[in-house]
Amino acid sequence: RPLVSLRGVSKTYQAKKGTPVQALTDISLDIAEGEVVTLVGPSGCGKSTLLRLLGGLHMPTEGEMLLAGQRHTGPSHRIGIVYQQPLLLPWKNVIENVLVPIRVRRAKLAPYRERARELLTVLGLDSFAQSYPHQLSGGMQQRVGIARALIQDPEILLMDEPFGALDAMTRDALTVELLRIHEEFRTTIAFVTHSIAESVLLADRVVVMTPRPGRVAQVLPVDLPRP
Ligand code: ADP
Ligand code: ADP
């Protein structure tokens, strides 16, 4: 059954001055539990906006969003987000960075430490738990960002060009790694990318968007053997 359903969703940004910007137009889309969906399309077509709606960070101006069958009214569900930049806190070591979302929630840290270690192991970072971000390569920093996004066991993992700032080899390695993580945790993933190759490698379905105002042009099922 779908984890998220969008029904006729549009989003217009109200500018303080000037004309409003219609970023999304009449989007209807279901994302199934455990599915990996990639969002592709030209710059400005509304991919980031769609991702924010899926995370409940913005509300649609028209249409309806259902989360697990319930009307969706805000950022109440557990989400994990990974942006192009890892945005790690430079004065905290790796494991403390992974635990930041727990601190933000003011929850007890102790029960999450083991989970943090497990995630670092899955991401090949177990020997770097005590290192600081500046001691890590860009690819490793982004792995820490992924571990941080997974620490709360999110219902949906939202990724906005997460590997866009990395060199091609690191990018490929992390794409394969993400597939492995998905095999292991079965987290629902919505992934924005410019790369068709990345898209086809990762996705169960590719959502192709038109230039602004963004509509869904096509949803392509992908059925390829994976590495
Ligand atoms: P993409 O991620 O595909 O590049 P975005 O979702 O970032 O597209 O943007 C879609 C359109 O909405 C663009 O025209 C962008 O300038 C506009 N937009 C995005 N965020 C805002 C905002 N907070 N306020 C006003 N306009 C915005
Ligand atoms: P990217 O394409 O890398 O995702 P965006 O173009 O979406 O970056 O913009 C990054 C930030 O700027 C977002 O928070 C977005 O809401 C904001 N933004 C984008 N376009 C506009 C705009 N036209 N007016 C105001 N804010 C905007």
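Residues numbered from 1 in each chain as written. Chains lettered and ligands numbered in written order. Predicted model: local features only at pLDDT ≥ 70, side-chain atom pairs only at ≥ 80, totals over all residues. Heavy atoms only, no water.

Considerations on the pairing of strand β1 (residues 2-13)
Looking down a regular strand, the side chains alternate between one sheet face and the other. Where we set the bar: Pairing between two strands requires that DSSP report at least two bridges joining them. Per the convention used, a helix needs a DSSP run of H or I reaching at least four residues, while a strand needs a run of E reaching at least two, with both numbered from the N terminus.
As paired strands, β1 and strand β2 (residues 21-32) are joined by eight bridges and run antiparallel to one another. Of the residues in β2, the one forming a bridge with Lys-11 is Leu-24. When β1 meets strand β4 (residues 62-67), the two strands line up antiparallel, connected through five bridges. Counted as the bridge partner of Val-4 is Leu-67 from β4.

Thoughts on the confidence of the model for the protein
Where we set the bar: Values of pLDDT, ranging from 0 to 100, describe the predictor's confidence in every residue of the model.
Averaged over all residues, the pLDDT of the protein equals 92, while 97% of them reach at least 70. By mean pLDDT, the top-scoring element of the protein is helix α2 (residues 94-98) (98), and the lowest-scoring one is strand β5 (residues 70-71) (76). Predicted complex, confidence summary: ipTM 0.75, pTM 0.89.

Here we look at the sheet that holds β5
Here is the rule we go by: By the convention used here, residues are in contact when the closest approach between their heavy atoms is within 4.5 Å. Lines fitted to the C-alpha atoms define the axes, with helices restricted to the stretch that makes contact. Angles between their N-to-C directions range from 0 to 180 degrees.
Pairing in this open sheet of four strands is antiparallel, and the strands run β2-β1-β4-β5 from one edge to the other. Where the open sheet ends on each side, the last strands, each with one partner, are β2 and β5. Its contacts with the sheet place helix α1 (residues 47-54) against β1, β2 and β4, and it is angled at close to 125 degrees to β1.

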